[in-house]
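Topology and contacts: notes
Below are the chains, spelled out letter by letter.
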Amino acid sequence: MRRAWDAILLALLLASNACWVATEPTRASVRTSPAADARAIEDARRRIEALDVELAAARSPRSRPAPASSPAAPPPHAPPRAPPLTADQQRVAAVWSIARPWIDSLRQVDDDALRTRTLAEIRAALADEDLVRVEAALRAFLGAADVRFDRAPFRPDITRLLAAADTRVRAAAVRALVTLPEQPGDLDLLLPFADDPAAEVRSGAFYVITRRCKGTLDGAAADAALRILSDEALIDDALRSLGARRVSPAIERRFLELYRRPEWRDVVVRFGLTRIEEPSDEVFDVLAELALGEGNLQQTALEAICHPMMCSRWDRSAGIVLDLLERSGSTRLFRELLYVGDSRHAERLERMIEAGRFESEDRKRAETAAARLREQRPRTR
């Protein structure tokens with residue numbers, strides 16, 4: 001680039017001089033005085049001096065453009081600064097930085113000595129004055145809920161922490177209690193937490209109460225659960241953590257109330273109504289209506305009414321499956337029909353076959369299903 005500039009300026013200088021020389025004879029013929037000659041010479045000199053200055057400027061490093069092969073790097077852009085963590089977020093991070101290595105040590109299967117040392121560290125932390133370490137120990141205990149080890153020695157510390165003034169510690173202790181070997185007084189110990197001032201604790205209470213009620217949520221346990229379900233902020237978490245298979249009529253009524261509200265319908269069907277073993281007629285009617293419908297809950301409801309926990313109603317369930325089969329002709333329904341149906345339902349399927357409801361391979365599958373239904377005796381509990 002520098003040589004190009006030099007060549008351009010030198011060419012301009014030579015052209016200027018050549019022009020001056022070429023025009024000089026003409027000028028000489030019209031010259032009128034020595035003064036005119038002097039002015040022409042002075043003008044040429046000034047032009048030459050100006051070109052010299054321009055050439056010198058072109059040779060200056062400051063005015064030289066940067067080489068094309070190495071463009072100037074753009075100024076670096078600093079990444080956006082993350083907002084500062086809140087005090088609660090800082091605590092969560094601190095808790096898990098301690099709990100995570102303990103959980104990993106408890107879950108590994110190659111080093112029994114490491115697991116023993118870790119359990120000793122967790123027990124010591126449960127008695128620590130540092131609330132972060134106490135909560136970390138409880139979170140580690142919960143994070144390894146499916147790991148086999150002797151949990152009985154931890155009961156005194158965990159039951160003591162149920163009375164902790166710190167909300168996060170108290171909530172973790174409530175949940176941790178359900179991972180201990182069950183004792184007769186556990187439910188009575190947990191019921192008061194349905195009225196705890198902290199929502200986090202009440203949510204955990206629903207989880208553990210429905211797992212310490214021996215599968216049937218009734219009596220005082222159902223009353224406590226209803227108080228929690230009256231708080232709309234806790235409904236979603238509570239329903240998703242339902243641990244009972246049978247519920248009291250009052251709990252069923254609450255589920256049906258929530259079902260009639262569009263914002264709760266999906267969650268109460270998936271985690272409430274479909275989880276109830278031997279539900280009331282009203283609940284079964286809701287599930288039957290959904291199974292016969294075409295919404296996003298149809299398959300969920302169909303699976304529920306064909307579940308073993310509904311076996312006392314399988315006669316009706318088979319009728320619903322046959323209704324769907326007659327409507328759609330979908331052979332995928334044969335699986336459900338053969339599971340819940342029996343000889344009482346074979347004739348209806350045979351009538352569909354005779355009416356030409358199925359063709360080709362589907363007809364063969366339908367005939368096979370009808371033959372198997374003929375062989376199945378009605379099942380009772």
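So, a few notes on the structure that sits alongside this text. Here the structure is a predicted model, which is why all the values come from computation and not from measurement.

1. Some points on the pattern of salt bridges
Inspection of the entire model under this criterion finds 35 salt bridges. A salt bridge links arginine 133 to aspartate 128, with the nearest nitrogen and oxygen atoms 3.3 Å apart. Between arginine 212 and aspartate 186 there is a salt bridge, and its shortest N-O distance comes to 3.1 Å. One end of the pair, arginine 212, is in the loop between helix 9 (199-209) and strand 1 (216-217); the other, aspartate 186, is in helix 8 (residues 186-190), and 26 residues separate them in sequence. Here the two residues arginine 212 and aspartate 186 agree in accessibility, since each one is buried. Residues participating in the shared-partner salt-bridge network are Asp88, Arg91, Glu135, Arg139, Asp166, Arg168 and Glu200.

2. Details of the packing of aromatic side chains
What the rule picks out here adds up to 5 aromatic pairs. Plain terms: the ring middles of phenylalanine 149 and phenylalanine 154 are 6.1 Å apart, the flat faces sit at 70° to each other, and that makes the pair edge-to-face. Using a relative accessible area of 2% as the deciding quantity, one classes phenylalanine 154 as buried. Every member of this aromatic cluster is reached through a ring pair, and the members are Phe141, Phe149 and Phe154. A cation over a ring is seen here: arginine 151 above phenylalanine 141, with NZ or CZ 4.9 Å from the ring centre.

3. A look at the nonpolar core
Formed by 107 residues in total, the largest nonpolar core has its most connected members in Leu138, Phe154, Ile209, Leu217, Phe255, Leu273 and Leu349. Apart from the residues within four sequence positions on either side, leucine 138 is in contact with Leu126, Ile158, Leu161, Val169, Ala172, Ala173 and Ala176.

4. A look at the side chain of glutamate 336
With respect to the helices and strands, the residue glutamate 336 is situated in helix 17 (residues 333-340). Leave out the neighbours within four places in its chain, and glutamate 336 touches Gln299, Cys306, Val321 and Gly341.

Reading the values: the criteria
All chains use their own residue numbering, which begins from 1 and follows the written sequence. Under the rules for a predicted model, residues below a pLDDT of 70 receive no local features and side-chain atom pairs below 80 are neither given nor counted, while totals for whole chains, interfaces and linings still include all residues. Side-chain measures were taken over the full set of non-hydrogen atoms in the model, leaving aside hydrogen atoms and water. For this analysis, a salt bridge means a side-chain nitrogen from Lys or Arg found within 4 Å of a carboxyl oxygen belonging to Asp or Glu. Counting from the N terminus, the helices are the DSSP runs of H or I reaching at least four residues and the strands are the DSSP runs of E reaching at least two. Relative accessible area decides the class of each residue, using a 1.4 Å probe on protein chains only: under 20% of the type maximum gives buried, over 50% gives exposed, and in between gives partly exposed. Here is the rule: rings of Phe, Tyr and Trp (six-membered ring for Trp) pair when centre to centre is within 6.5 Å. Planes less than 30 degrees apart are stacked, more than 60 are edge-to-face, and the remainder are tilted. Whether a charge sits over a ring depends on NZ of Lys or CZ of Arg being within 6 Å of the ring centre and within 35 degrees of the ring normal. Only buried residues count toward a nonpolar core. Its members are Ala, Val, Leu, Ile, Met, Phe, Trp, Tyr and Cys residues joined through side-chain atoms within 4.5 Å. Whether two residues are in contact is decided by their heavy atoms, any of which lying within 4.5 Å being enough.

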